[in-house]
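# Summary of structural features
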Amino acid sequence: GAVVSQHPSWVICKSGTSVKIECRSLDFQATTMFWYRQFPKQSLMLMATSNEGSKATYEQGVEKDKFLINHASLTLSTLTVTSAHPEDSSFYICSGNTGVGSPLHFGNGTRLTVT
Amino acid sequence: DQQVKQNSPSLSVQEGRISILNCDYTNSMFDYFLWYKKYPAEGPTFLISISSIKDKNEDGRFTVFLNKSAKHLSLHIVPSQPGDSAVYFCAAHPGGGTSYGKLTFGQGTILTVHP
């Protein structure tokens, strides 16, 4: 259980364009999903918490206007990187779980490269 | 400030032997610890977890030990198999009112199991 599907698995875009990443919970309903980011040779870091039907909450240092999160249904959260720049190149991973106290399960991630 | 540390960037073991991956933490408020396994270009896969009220949890070939006084946990894999070769992350959750999705990850340890 707790399968999380993420799409696309990789994307290359030009600087200044926007990229949308989709995250779906396949076998459970997720009122909350979590977006992480991993830069090369670094740990995974939580970026934001996606809340179904309400605004996302962002971690300190993460620009909410740059990383737009939409959680329109119990099975879909999207992250849009707006006006992407090369420094946004990273591995973006979403996650969810089946309830409080159960472990987070991660999607397969999206490798974003901004040229 | 790295609150979760995996001081060994890599570990190499022979197939059939024991792999011991270590993790230290500094925040005494952490009350739930997890180990994840990650292959390149994929999201982390949950392996095993332990609550701070326990000192050991076992699941098949995987055992996690927690030493709260030393703020140290370890993951034992016995016997090690070549398919275990991956990056292993330990993660911690601070409990209390903190969102259950907010995990603090270590830097990861690359495990290589030789046939």
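As a further point, take the overall build of chain A. A count of helices and strands for chain A gives zero helices and eleven strands. Of the regular secondary structure in chain A, the N- to C-terminal order runs β-β-β-β-β-β-β-β-β-β-β. Rg of the C-alpha trace for chain A: 13 Å, near the compact-globule value of 13 Å for 115 residues, within the 12% margin. In terms of overall dimensions, chain A has C-alpha extents of about 40 × 25 × 25 Å along its principal axes. Expressed as a percentage of the 115 residues in chain A, the buried residues total 51%. Within chain A, counting contacts between residues at least 6 apart in sequence, those at least 24 apart form 52% of the total. Looking at charge distribution, chain A has the averaged site of its 9 positive side-chain charges lying 5 Å from that of its 8 negative ones.

Right, let's talk about the pairing of strand β9 (residues 90-96) of chain A for a bit. Residue and element names in this part refer to chain A. In terms of burial, β9 is largely enclosed, as seven of its seven residues are buried. With five bridges connecting them, strand β4 (residues 32-38) and β9 associate as antiparallel partners. Paired with glutamine 38 across the bridge in β9 is phenylalanine 91. Pairing between β9 and strand β11 (residues 110-114): three bridges, direction antiparallel. Of the residues in β11, the one forming a bridge with phenylalanine 91 is arginine 111. Across two bridges, β9 lies against strand β10 (residues 105-106) in antiparallel orientation. When the sheet's bridge partners are listed, serine 95 is paired in β10 with phenylalanine 106.

Residues and elements named next belong to chain B. Overall, antiparallel pairing links the five strands, which are arranged β1-β3-β8-β7-β6 in an open sheet. Looking at which strands have only one partner, the edges of the open sheet turn out to be β1 (4-5) and β6 (56-59). Inspection of the sheet shows β6 paired to strand β7 (residues 62-67) by four bridges, in the antiparallel sense. Looking at the pairing, glutamate 58 lines up with threonine 63 of β7.

Turning our eyes to something else, we now look at the side chain of A:Glu59. Examined against the element boundaries, A:Glu59 turns out to sit in the loop between β6 (57-58) and β7 (67-73). Only 2.8 Å separates the side chain of A:Glu59 from the side chain of B:Lys102, close enough to count as a polar contact. Not counting residues up to four positions away in its chain, the partners in contact with A:Glu59 are A:Leu46, A:Met47, A:Ala48 and B:Lys102.

Okay, the pattern of salt bridges next. Inspection of every chain in the model, using the stated rule, returns four salt bridges over all chains. Across the pair A:Glu22 and A:Arg24 runs a salt bridge, and its minimum N-O distance is 3.5 Å.

This next bit is on the state of the cysteines. The full count for this structure, using the stated rule, is two disulfides over all chains. There is a disulfide in this structure between B:Cys23 and B:Cys90, and the S-S distance comes to 1.9 Å. Its S-S torsion of approximately 60° makes the covalent link between B:Cys23 and B:Cys90 right-handed. One end of the pair, B:Cys23, is in strand β3 (residues 19-25); the other, B:Cys90, is in strand β9 (residues 86-93), and 67 residues separate them in sequence. Here A:Cys13 stays free of any disulfide, with the sulfur of A:Cys94 as its closest cysteine sulfur at 18 Å.

Moving on, we get to the interface of chain B and chain A. Each partner contributes to the interface: chain B provides 19 residues, whereas chain A provides 21 residues. It is B:Pro44, B:Tyr100 and B:Phe105 in chain B that bury the most area against chain A; as a group they hold 34% of the surface buried on that side. On the surface where chain B and chain A come into contact, there are one salt bridge. With a shortest N-O distance of 2.8 Å, B:Lys102 and A:Glu59 are connected by a salt bridge. At the junction of chain B with chain A, the criterion picks out eight residue pairs in polar contact (both at pLDDT 80 or more). Considering each element in turn, the side of chain B that touches chain A owes the most residues, four residues, to strand β4 (residues 32-38) of chain B. Broken down by class, the residue content of the side of chain B that touches chain A amounts to ten nonpolar, six polar and three charged.

Reading the values: rules and limits
- Residues numbered from 1 in each chain as written.
- Chains lettered and ligands numbered in written order.
- Predicted model: local features only at pLDDT ≥ 70, side-chain atom pairs only at ≥ 80, totals over all residues.
- Heavy atoms only, no water.
- Helix = DSSP H or I, 4+ residues; strand = E, 2+ residues; numbered from the N terminus.
- Rg over C-alpha atoms; globule rule 2.2 N^0.38 Å.
- Buried < 20%, exposed > 50% of the residue type's maximum accessible area, 1.4 Å probe, protein only.
- Contact = heavy atoms within 4.5 Å.
- Lys, Arg positive; Asp, Glu negative; His and termini not counted.
- Charge placed at Lys NZ, Arg CZ, Asp CG, Glu CD.
- Pairing = 2+ DSSP bridges.
- Polar contact = N/O pair within 3.5 Å; in protein donor to acceptor, adjacent residues only side chain to side chain.
- Salt bridge = Lys/Arg side-chain N within 4 Å of Asp/Glu carboxyl O.
- Disulfide = S-S within 2.5 Å.
- Buried area = accessible area lost by both parts, 1.4 Å probe.
- Nonpolar A, V, L, I, M, F, W, Y, C, P; charged D, E, K, R; others polar.

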